[in-house]
Structures are given as C-alpha cells and as structure tokens.
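Observations on the model geometry
Read off the chains here:
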Amino acid sequence: MAPAVFITDHNHEYSDVNAPIATQRITPGGKILIERNCWLGYGSMILGTKGDLILGRNSVVGAYSVVTQSCPPYSVLVGNPARVVKYFDATSQTWSDCVENGPHQRSDCQDDTQKIRGMKVGRVKSNT
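Residues numbered from 1 in each chain as written. Predicted model: local features only at pLDDT ≥ 70, side-chain atom pairs only at ≥ 80, totals over all residues. Heavy atoms only, no water.

**Some details on the overall build of the protein chain**
- Each helix and strand counted, the protein chain has one helix and 10 strands in total.
- Overall, the protein chain shows an N-to-C arrangement of helices and strands of β-β-β-β-β-β-β-β-β-β-α.
- Per-residue burial for the protein chain yields a buried fraction of 32% across its 128 residues.
- Of the accessible surface of the protein chain, which amounts to about 8500 Å², a share of 53% is contributed by carbon and sulfur atoms. (Helix = DSSP H or I, 4+ residues; strand = E, 2+ residues; numbered from the N terminus. Buried < 20%, exposed > 50% of the residue type's maximum accessible area, 1.4 Å probe, protein only. Areas by Shrake-Rupley, 256 points an atom, 1.4 Å probe, with all protein chains shown as cover.)

**Notes on the sheet that holds strand 4 (residues 45-47)**
- Spatial ordering of the open sheet is given by 1-4-7, a layout of three strands whose pairing is parallel. Strands at the two margins of the open sheet, each flanked by one partner only, are strand 1 (6-8) and strand 7 (66-67).
- As paired elements, strand 4 and strand 7 share two bridges and run parallel to each other. Bridging across to strand 7, Met-45 finds its partner in Val-66. (Pairing = 2+ DSSP bridges.)

**Overview of the sheet that holds strand 8 (residues 75-79)**
- With respect to topology, five strands assemble into an open sheet ordered 3-6-8-9-10, the strand pairing being mixed. The sheet is open, and its two edges are formed by strand 3 (39-40) and strand 10 (94-97), each paired on a single side.
- Pairing of strand 6 (residues 60-61) with strand 8 involves two bridges; the strand directions are parallel. The partner of Val-60 across the bridge, within strand 8, is Val-76.

Right, here's the structure in full:
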C-alpha cells in the first residue's frame with residue numbers, strides 16, 4: 001500500500017440540515033474486504049459506505065483513484081469513480097485492456113464487477 005491511502009467503511013450523516021454535520025452521527029456503513037496481493041496507489045481511496053465492497057485479489061488501484069464498488073480479481077482500476085481498465089485473461093495468460101469495441105469490451109469488464117457481488121469470499125490468512 002502506497003502512502004496517503006484512505007479506507008473507510010462509513011460516512012458522516014448530514015440529513016439534519018439544522019445541525020452541524022460534525023455533531024451528527026456516522027452512517028451504518030458497509031464492509032470492505034481487500035483480498036491478498038492488492039496494490040493501492042498513492043492517494044487512492046476505498047469508500048465502502050454501504051453494502052459489501054470487495055477488491056479482488058491481485059488487483060491494482062491507480063494513484064488518486066476512488067473505489068466505490070467491488071471489482072473482480074486481477075483487475076486494474078483507475079479514475080473517480082474507479083473503473084476497471086485492464087484485467088488478467090486466464091486463457092491467454094496476459095493482461096488485456098477493456099476497450100469500447102472489441103472482444104473484451106468495457107461493458108464486459110463492468111459485468112464482471114457486478115458478478116463479484118454474488119461471490120462468497122472467505123477470509124485470507126496473512127503471512128505477515
């Protein structure tokens with residue numbers, strides 16, 4: 001993990017417009033699971049403020065990217081909000097780009113992101 005990474009599973013409540021936000025409670029939040037061998041680039045943010053957010057194993061989050069939803073394993077995410085721009089193709093054993101048109105269209109990568117929400121994820125033991 002690079003410096004200045006921010007990870008949070010909740011947010012500040014702001015529903016009462018007559019009260020200062022600092023005096024309001026925090027939201028119930030969600031759960032964040034960062035699987036093994038992920039890299040979080042400088043200044044990136046993982047915001048799991050509702051539901052489950054799973055960062056699939058061996059994924060890379062680019063510098064200053066803001067992750068707000070789960071991603072499949074072996075993905076490269078960039079942007080705000082972060083989106084999958086590259087993934088590891090197990091068939092060819094290479095990293096492939098998610099492109100607008102072609103065999104691996106950006107929508108396919110996003111479909112994979114949606115599929116991960118239904119996956120059961122076990123705890124990963126750390127060797128450290």
